[in-house]
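# Reading the structure
Chain by chain, the residues run as shown.
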Amino acid sequence: MHELSIAQNILSILRQEVPTPDLSKIKSVKLKLGILSNIYPPALEEGWQVVSQNSGLPDCRLDIEQIPMTIKCLDCGHDFSTNEFAFTCFACGSNNIEVKKGEEITLSEIEL
């Protein structure tokens, strides 16, 4: 379960970005996950519960926003977003596409 190591990495980022006296004041962490990031949100939430309980942040909530993939067709130029794993253009049916978004993992917000 690589989601546990990702949860540990989130904790490491928090320790780098938030002064030590304020760590216990963190209420929530917002994470943006691309649908193609190969991360299963329920498993990450479970990993976060384990990591946060064992690091003095038992009340820190992990809020996950799933980001759809954005695709550009290189044949017809059509741009579209989808939450489905569809790798063909919705407009012309071509599979000559470029994925513009959907692979990102971004810690976007820390709430104290």
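In this text, all values refer to a predicted model and were calculated from it rather than measured experimentally.

## Looking at the pattern of salt bridges
Per the stated rule, a full pass over the model turns up four salt bridges. Ionic pairing is found between Lys-30 and Glu-65, a salt bridge with its closest N-O pair at 3.6 Å. In this pair, Lys-30 is assigned in strand β1 (residues 28-34) and Glu-65 in strand β2 (residues 61-67), connecting sequence segments 35 residues apart.

## Concerning the sheet that holds strand β3 (residues 69-73)
The strand order across the open sheet formed by three strands is β4-β3-β5, and the pairing between neighbours is antiparallel. One side of each edge strand has no neighbouring strand; the edge strands of this open sheet are β4 (79-82) and β5 (97-101). Within the sheet, the average angular offset between the axes of one strand and its neighbour, ignoring direction, is 30 degrees. As paired strands, β3 and β5 are joined by four bridges and run antiparallel to one another.

Quick notes on the rules
Residues numbered from 1 in each chain as written. Predicted model: local features only at pLDDT ≥ 70, side-chain atom pairs only at ≥ 80, totals over all residues. Heavy atoms only, no water. Salt bridge = Lys/Arg side-chain N within 4 Å of Asp/Glu carboxyl O. Helix = DSSP H or I, 4+ residues; strand = E, 2+ residues; numbered from the N terminus. Pairing = 2+ DSSP bridges. Axes fitted to C-alpha atoms, helices over the stretch in contact; angles between N-to-C directions.

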